[in-house]
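Structural characterization, general
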Amino acid sequence: MGTWAEEETAGCDLGDLRLNRRLGAMLAALGERPGKSLPTAFQDWANTKAAYRFFANANVSEDKILAGHFEATALRVRATDGPILVLQDTTEFSFKRATPEKIGFTRTSCGHKTKAGRHHQHTLCGMLMHASLAVTPAGLPLGLTAAKFWSREKFRGTKALARKINPTRVPIEQKESMRWLDNLRLSTELIGTPERCVHIGDRESDIYELFCLAHELGTNFLVRSCVDRLAEDGDTTIAQVMAGIEKPSGTHIVRFRDAAGKPQKACLAVRFATMTVCPPIGKQKRYEHQQLQIIHAAEIDPPDHRAPLHWKLITNLEVTSFEQAVNKLEWYARRWSIETFFKTLKTGCRIEDIRLTTADRLANCIALACITAWRIFWMTMLRRAEPTGAPTSVFTETELALLDGTTVTAIPGETRDLDFYITAVAKLGGYLARKHDAPPGTTVLWRGFSRLADIVIGFEAARATRRSQTCG
């Protein structure tokens, strides 16, 4: 079992030492072959059967599996300085099963058209996961701080529900939106220094109860606005106040990739203001007004081939200058890191291809894969953040020796640091390392580590054969 797997499971207590050891061995096996089927990852029937029994064990749960990783994340946070961005988001896993009721449902979807020309609606079998990922302002992912798994026994569309009841008058404790508050509280308690945390979410996290909870815990938030809230004395709105700021405080250039993966550049006009934000009308007796900062960044002269960028952010962080406003825009841009984590989990670890039949077993397997997906993402960003770091922090001595042997284009006297070896792994996964190529991403890395695991197995088998021949 690799050292990294020991560190990520050291804080786990499944109530049985054998289960704890099995957890570490399974994590190490999945980490060596991300994206492979469970029989391929565990190599033989005995280990595969033991894994199936582990996932089905009543004493095993996703919370217990991730407990050690949460502790390791907290240690990595304490080893860093400055603010910690805690990114929150929800993702959906879809499965095809003969008995979908054993897993649950997520939503309704429009399928093929009927003869009458109408779309045939069907309910999707699957699970949802709401996760919080801690990253540094430079983009280095330190690990998960909270995760919640759930499915719906019977899906009810939000539009149909909205016809019967006003969602804004339903207590937050009775809605799925409560997951945003739960993760905020759990992440803040885990990190232990609420003033360092900046909880970042997309438009779904624009929840007034979240603003109040952050104030209660003494922590910070930065979310994208979804609704135009009442402001000041209640006779105006945020949008009306911001519209009164005619001249932007400055412009800011952002670079990103569009849906097709092509690089894009946008020039944003930045406006910001401090104002009193009021709770929704139906909740004004329960919650107090909040003094918050609003940042609007709208794209200037957007191209015709894509929608213009327009970010409307709400935060309780100090924003009294253009530089501080730009700083918050850059922090919000880091929210896409959790999308990369989800992509690694789905495409790299291929969670939706797993054939486990119940929600509990799938949740246990997904929790284990979350640690593997984080490690791949962490190594991808570590190469960019600390390229001259020590390679022994990631690789074993055997892996380093084998990577030295597989690097046929090595330059004499070349420094073999962390950048060198992670690039070597990426080359095993198909990375060409041409002069103008972008840094290797998670895709080539998970392919490369899978190949490296096979090379290590071949090397160990050959060494064992030589030893037996020598002894004979």
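Residues numbered from 1 in each chain as written. Predicted model: local features only at pLDDT ≥ 70, side-chain atom pairs only at ≥ 80, totals over all residues. Heavy atoms only, no water.

For the coordinates displayed, the defined rule picks out 15 salt bridges. With its nearest N and O atoms 3.6 Å apart, the salt bridge here joins Arg33 to Asp454. Taken as a pair, Arg33 in the loop between α2 (17–32) and α3 (38–42) and Asp454 in helix α15 (residues 442–471) lie far apart in primary sequence, 421 residues in all. Residue classification places Arg33 among the buried residues on the basis of a relative accessible area of 3%. Taking the shortest distance from any N to any O, the salt bridge between Glu339 and Arg335 comes out at 3.3 Å. A residue is classified by how much of its surface remains accessible, and Glu339, at 29% relative accessible area, is partly exposed. Residues joined in a network through salt bridges with shared partners are Glu32, Arg33 and Asp454. (Salt bridge = Lys/Arg side-chain N within 4 Å of Asp/Glu carboxyl O. Helix = DSSP H or I, 4+ residues; strand = E, 2+ residues; numbered from the N terminus. Buried < 20%, exposed > 50% of the residue type's maximum accessible area, 1.4 Å probe, protein only.)

This part takes up helix α14 (residues 418–428). In terms of residue burial, α14 counts as a mostly covered element, since nine of its 11 residues are buried. Within α14 the residues assigned to the buried category are Leu418, Phe420, Tyr421, Ile422, Thr423, Ala424, Val425, Ala426 and Leu428. Looking at the buried residues of α14, the elements they touch are α12 (359–385), α13 (397–406) and α15. Looking one or two residues past α14, Gly430 carries a phi angle of roughly 110°, positive in sign. (Contact = heavy atoms within 4.5 Å.)

This part takes up the packing of α12 against α14. Axis separation between α12 and α14 bottoms out at 9 Å; the angle between their running directions is 140°. Classified by the angle between their axes, α12 and α14 sit oblique to one another. Note on packing geometry: the crossing formed by α12 with α14 is left-handed. Along the contact surface, α12 presents Met379, Leu382 and Arg383, while α14 presents Leu418, Asp419, Ile422 and Thr423. (Axes fitted to C-alpha atoms, helices over the stretch in contact; angles between N-to-C directions. Parallel < 35°, antiparallel > 145°, perpendicular 65-115°, else oblique. Left-handed = near helix turned anticlockwise from the far one by under 90°.)

Met129, Phe341 and Phe395 are the most contacted members of the largest nonpolar core, which has 107 residues in total. Residue contributions to this core peak at 18 residues, all from α12. Counting 23 residues, the second largest nonpolar core, distinct from the first, contains Leu210, Ile238, Met275 and Val277. (Core = buried A, V, L, I, M, F, W, Y, C linked by side-chain atoms within 4.5 Å.)

With respect to the secondary-structure elements, Thr442 resides in helix α15. Thr442 sits in the buried class, given a relative accessible area of 8%. When the C-alpha positions of Thr442 and Ile376 are compared, they lie 6.3 Å apart, and in sequence the two are 66 residues distant. Look past the residues within four positions of Thr442 in its chain and what remains in contact with it is Thr340, Thr344, Ile376, Phe377 and Thr380. In terms of polar contacts, Thr442 uses its side chain to reach the side chain of Thr344, at 3.5 Å. (Polar contact = N/O pair within 3.5 Å; in protein donor to acceptor, adjacent residues only side chain to side chain.)

It is worth spelling out the pairing of strand β5 (residues 197–201) at this point. The element β5 is extensively covered by neighbouring structure, given that five of its five residues are classed as buried. Burial of β5 is two-sided: the residues Cys197, His199 and Gly201 facing one way and the residues Val198 and Ile200 facing the other way are all buried. Pairing of strand β1 (residues 84–94) with β5 involves four bridges; the strand directions are parallel. When the bridges of β5 are listed, Leu87 appears paired with Ile200. Once you follow β5 into helix α8 (residues 208–217) and on to strand β6 (residues 220–224), the crossover reads as right-handed. (Pairing = 2+ DSSP bridges. Right-handed = clockwise from strand over helix to strand, strands pointing away.)

Turning our eyes to something else, we now look at unusual backbone geometry. With the exception of glycine, most residues fall at negative phi, and the peptide bonds are largely trans. Its identity as a non-glycine residue notwithstanding, Glu232 has a phi of 55°, on the positive side. Among the structural elements, Glu232 can be located in the loop between β7 (230–231) and β8 (236–237). Classification of Glu232 as partly exposed rests on a relative accessible area of 34%. Phi at Ala433 is positive, roughly 55°, even though this residue is not glycine. One can find Ala433 in the loop between α14 and α15.

Under the defined criterion, the tally for this structure stands at 10 aromatic pairs. Summarising the aromatic geometry, the rings of Trp311 and Tyr332 are spaced 5.2 Å apart at their centres and angled 70° between planes, so their arrangement reads as edge-to-face. Taken together, the residues span a long stretch of sequence, with Trp311 in strand β12 (residues 310–315) and Tyr332 in helix α10 (residues 322–333) at a distance of 21 residues. Assigned by exposure class, Trp311 and Tyr332 land together as buried. Seen from their ring centres, Trp374 and Trp378 are 5.7 Å apart, and the 20° between their planes marks the pair as stacked. Taken as a pair, Trp374 and Trp378 lie in helix α12 at a separation of four residues, close to a single helical turn. Taken together, the aromatic side chains of Tyr208, Phe211, Phe221 and Tyr287 make up a single cluster linked through ring pairs. The aromatic ring of Phe93 is capped on one face by Lys346, whose charged end is 5.7 Å from the ring centroid. (Phe/Tyr/Trp six-rings, centres within 6.5 Å; stacked < 30°, edge-to-face > 60°. Lys NZ or Arg CZ within 6 Å of the ring centre and 35° of its normal.)

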